[in-house]
Amino acid sequence: MKKKIVKVSIVVVLIALFIGFIPFPKEISYQGTEMEYSRNDETVAIPHEVIIEGTYYTSLLAKDRFHGKLYISDVGGLEEDMTADFWFNPRYRHHPIFLNWAGEPCGTAVGVLFFSRNFETLAIQLANKYEKREDGSSISFGDEQSNFIVLGADTYDEALKTYNAQLPKKMG
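Residues numbered from 1 in each chain as written. Predicted model: local features only at pLDDT ≥ 70, side-chain atom pairs only at ≥ 80, totals over all residues. Heavy atoms only, no water.

Remarks on the pairing of strand β4 (residues 83-88)
Then comes step 1: Only one face of β4 is covered, namely the one carrying Ala84, Phe86 and Phe88; the face carrying Thr83, Asp85 and Trp87 has none of its residues buried.
Then comes step 2: Direction of pairing for β4 relative to strand β5 (residues 98-99): antiparallel, over a ladder of two bridges. Note on β5: the bridge partner recorded for threonine 83 is leucine 99. (Buried < 20%, exposed > 50% of the residue type's maximum accessible area, 1.4 Å probe, protein only. Helix = DSSP H or I, 4+ residues; strand = E, 2+ residues; numbered from the N terminus. Pairing = 2+ DSSP bridges.)

In structure tokens, the structure reads:
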């Protein structure tokens, strides 16, 4: 009897682990104009066309993943035909790497993504300096100096509040 309980318990644990690692896809489709703001200058309000088209995979035990297009107009190094293929864990900073048409990683002025699962909230920290060179690109950013975009924010105050809430506690 005890051997049967042990076997059943092992099977149940294996099934639970298997289910925990199954990715659940959610299609993400967003297109709109969002404003780039600055923490240091309230007069900065630069409009950008933002396109997010792809699939966000989430699971109970594995890292989340987004595969598709994440395009922001007029952002250094970011082109509309690039692919975003991110593996990440919500609640942590994520420095995204984009892939060009050939599947090679490219540096862009998109510095950090702050988000919740399925991009329900998404704040994008932009590099305060981006330079493309023959040997690659040079990028620098800092929480205090970098401009940012918050999807769905109607005003500067709303965007700043959301962005600050996403920053690490020492910076917010």
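So, next bit.
Details of the nonpolar core
Then comes step 1: Counting 28 residues, the largest nonpolar core has Ile52, Phe66, Ile72, Phe119 and Ile124 as its most contacted members.
Then comes step 2: Among the secondary structure elements, those contributing two or more residues to this core are β2 (46-58), β3 (64-72), β4, β7 (110-115) and β8 (122-126).
Then comes step 3: Beyond its immediate stretch of four places on either side in the chain, isoleucine 52 contacts Ile28, Ser29, Tyr30, Phe66, Lys69, Leu70, Phe119, Leu122 and Leu151.
Then comes step 4: If you look at the next biggest cluster of nonpolar residues, it comprises twelve residues, including Val112, Ala123, Phe148 and Leu160. (Core = buried A, V, L, I, M, F, W, Y, C linked by side-chain atoms within 4.5 Å. Contact = heavy atoms within 4.5 Å.)

Some points on the sheet that holds β2
Then comes step 1: Read across the sheet, nine strands follow the order β6-β5-β4-β3-β2-β1-β11-β8-β7 without closing on themselves; strand pairing throughout is antiparallel. Here the strands that pair on one side only, and so sit at the sheet edges, are β6 (105-106) and β7.
Then comes step 2: Across three bridges, the pairing between β8 and strand β11 (residues 147-150) is antiparallel. For isoleucine 124, the partnering residue across the bridge sits in β11 and is isoleucine 149.
Then comes step 3: Here helix α2 (residues 156-166) sits on the sheet in contact with β1 (24-38), β7, β8 and β11, set at roughly 100° to β11. (Axes fitted to C-alpha atoms, helices over the stretch in contact; angles between N-to-C directions.)

Overview of the environment of tyrosine 163
Then comes step 1: Residue placement: tyrosine 163 occurs in helix α2.
Then comes step 2: Assessed through its relative accessible area of 0%, tyrosine 163 is described here as buried.
Then comes step 3: With 41 residues separating them along the chain, tyrosine 163 and leucine 122 place their C-alpha atoms 8.7 Å apart.

With respect to the pairing of β3
Then comes step 1: The pairing of β2 with β3 spans eight bridges and is classified as antiparallel. Residue pairing in the sheet places tyrosine 57 in a bridge with arginine 65 of β3.
Then comes step 2: Here β2 hands over to β3 after five residues, the two strands then running antiparallel side by side.
Then comes step 3: With five bridges joining them, β3 and β4 adopt antiparallel strand pairing. Looking at β4, one finds that histidine 67 is bridged to aspartate 85.

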